[in-house]
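Take a look at the letters that make up each chain.
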Amino acid sequence: MSEMILGIETSCDETAAAVVAHGDDVRSSIVSSQIDLHAQFGGVVPEIASRSHVELITPVVADALVEAGIEGRDVAAVAATHGPGLVGALLVGVSAAKALALVWDVPFVGVNHLEAHLYAALLEEPELELPLVFLLVSGGHTMLVVMEGHGRYRVLGSTVDDAAGEAFDKVARHLGLGYPGGPVIDRLAQAGDPSAIAFPRAMPGDNLDFSFSGLKTAVVNHVRKHPDVSVEDVAASFQEAVVDVLVAKARRAADEIDAKGMALGGGVAANSRLRERFLAAATEDGRPGFVPSRAMCTDNAAMVASCAWWRLQADGPSPLDLGADPGLRLG
Ligand code: KG4
Ligand code: ZN
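Residues numbered from 1 in each chain as written. Chains lettered and ligands numbered in written order. Predicted model: local features only at pLDDT ≥ 70, side-chain atom pairs only at ≥ 80, totals over all residues. Heavy atoms only, no water.

Of the regular secondary structure elements, the chain holds 11 helices and 10 strands. Counting the 331 residues in the chain, one finds 53% classified as buried. Looking at the chain alone, contacts between residues at least 24 apart form 72% of all its contacts between residues at least 6 apart. Here the chain has roughly 13500 Å² of accessible surface; of this, 52% comes from carbon and sulfur atoms. Where the 24 positive side-chain charges of the chain centre and where its 43 negative ones centre are 6 Å apart. (Helix = DSSP H or I, 4+ residues; strand = E, 2+ residues; numbered from the N terminus. Buried < 20%, exposed > 50% of the residue type's maximum accessible area, 1.4 Å probe, protein only. Contact = heavy atoms within 4.5 Å. Areas by Shrake-Rupley, 256 points an atom, 1.4 Å probe, with all protein chains shown as cover. Lys, Arg positive; Asp, Glu negative; His and termini not counted. Charge placed at Lys NZ, Arg CZ, Asp CG, Glu CD.)

Rendered as structure tokens:
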């Protein structure tokens, strides 16, 4: 049996396809971003995302096969993200994957997007030992997850309001920096002073949950009161507040379950300061820390194909009547 899985990702504004052999050997990974289409609206417009996925899915899949040097009949299974995400966007990838699986007469595998983000780390560092604490930070989610085995997760904490990426995007929008906000704030912050403004560090309760909406409001109020403030200082101080909380809680989670290591995942894991502080904390605690490459942190299909490889072995193929599930959860 061929060991290559074609993965497809269309949960938000990236149309992606990848070929991965036996779970960790990436033969190709194509990501077509729609950011330019959505930027003028200050965020992802679901209807535009769906239409754009429809236009891009065939060429992106074709590119992934060509770059991997294979044809459809060489593929062992076709996987697609089936949730969480935008329903109209998810349906494009799920429908395409089912159609290809039927034509090539191979299994179809539906993948949880959050689980796929965790596999980004395992794909690049297969030697990571379990139990592993993941800090999963994306545009839609902020959670601490412990992975005890393949397919075995426990959510230790999550955000009670805005996700970390959402906070970056909303603060950037308020500062007139465009969409998506994370990369711009990351860049501006490098020229700013992280201790210039003492923004609040929300540690709701004595648990592992997060809250970022108070911080966002504090930034907006500060800029209103001090219109001449340096944007670089605001960016650096805001980013430092987010990173302080994320790193403190990830450390606490790793301590509580006596984790063998800690890893980052999700789009916000591309943040320079978070990457640096996360690795420093792991080293200080004498615990292996792993941060995937930036391209593997943001949405891609290699992580979907990798996750599907393990899913297929554990649970077998997904039924062809599996639908898109916009609210799909982890664990
Ligand atoms: O995982 P992802 O690509 O899509 C979702 O599944 O949500 O994450 C997108 C989020 C956006 O909010 C974006 O602003 C944020 O990741 N992001 C960053 C950086 N790059 C992307 N946030 C902070 N710093 C970055 N360098
Ligand atoms: Zn994502």
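There's plenty left to go through after this.
This part is about the coordination of the zinc ion (ligand 2). The protein atoms donating to the zinc ion (ligand 2) are His113 (NE2), His117 (NE2) and Asp299 (OD), with metal-donor distances spanning 2.0 to 2.1 Å. The sequence pattern formed by the donor residues of the zinc ion (ligand 2) is H-x3-H-x181-D. With a gap of four residues between them, His113 and His117 both fall in helix H4 (residues 113-124), about one helical turn apart. Under the relative-accessibility criterion, His113 is labelled buried at 8%. (Donors = N, O, S within 2.8 Å, 3.2 Å for Na, K, Ca; no water.)

Sheet architecture is open: five strands sit in the order S8-S7-S6-S9-S10, paired in mixed fashion. In this open sheet, the two edge strands, each paired with only one partner strand, are strand S8 (152-158) and strand S10 (289-290). Across six bridges, the pairing between strand S6 (residues 132-137) and strand S7 (residues 142-149) is antiparallel. Within the sheet, the bridge partner assigned to Phe134 lies in S7 and is Val145. (Pairing = 2+ DSSP bridges.)

Around ligand 1, the surrounding shell holds 20 residues, and the nearest of these are Gly139, Asp169, Asp186, Gly267 and Asn271. Between ligand 1 and His113 there is a distance of 3.2 Å, counted from an oxygen atom to a side-chain nitrogen or oxygen. Side-chain polar atom of Asn271 to a nitrogen atom of ligand 1: 3.1 Å apart, as the coordinates give it. Considering ligand 1 on its own, with 550 Å² of exposed area, one finds that the protein chains cover 88% of that surface. Mapped by element, the contributors of at least two residues to the shell around ligand 1 are H4, helix H5 (164-174) and helix H6 (181-189). By residue number, the principal contributor to the shell around ligand 1 is H6, which donates four residues. Partitioning the shell around ligand 1 into residue classes produces five nonpolar, 12 polar and three charged. (Near = heavy atom within 4 Å. Polar contact = N/O pair within 3.5 Å; in protein donor to acceptor, adjacent residues only side chain to side chain. Nonpolar A, V, L, I, M, F, W, Y, C, P; charged D, E, K, R; others polar.)

With respect to the element layout, Arg275 can be found in helix H9 (residues 272-284). The side chain of Arg275 sits in the buried core without any salt bridge; Glu124 is the nearest counter-charge, 6.9 Å away. (Salt bridge = Lys/Arg side-chain N within 4 Å of Asp/Glu carboxyl O.)

What follows is about the pairing of strand S5 (residues 108-112). Counting buried positions over the five residues of S5 gives five, a clear majority of the element. Because side chains alternate across S5, one face comprises the buried residues Phe108, Gly110 and Asn112, and the other comprises Val109 and Val111, equally buried. Across five bridges, the pairing between strand S4 (residues 75-83) and S5 is parallel. In the sheet register, Ala79 faces S5, and the bridge partner there is Val109. After leaving S4, the chain enters helix H3 (residues 87-104) and then returns to the sheet as S5, a path that is right-handed. (Right-handed = clockwise from strand over helix to strand, strands pointing away.)

This part takes up the packing of helix H2 (residues 46-68) against H3. As a packed pair, H2 and H3 sit with axes 9 Å apart at the nearest point and diverge in direction by 40°. Judged by the inter-axis angle, H2 sits oblique to H3. For the pair H2 and H3, the sense of crossing is right-handed. Counting all contacts with H2, which are made through Ser50, His53, Val54, Ile57, Val61 and Leu65, the residues of H3 involved are Gly88, Ala89, Val92, Ala96, Leu100 and Trp104. Residues of the contact of H2 with H3, tallied by class, amount to nine nonpolar, three polar and no charged. (Axes fitted to C-alpha atoms, helices over the stretch in contact; angles between N-to-C directions. Parallel < 35°, antiparallel > 145°, perpendicular 65-115°, else oblique. Left-handed = near helix turned anticlockwise from the far one by under 90°.)

Any link to function would need more than the numbers given here.
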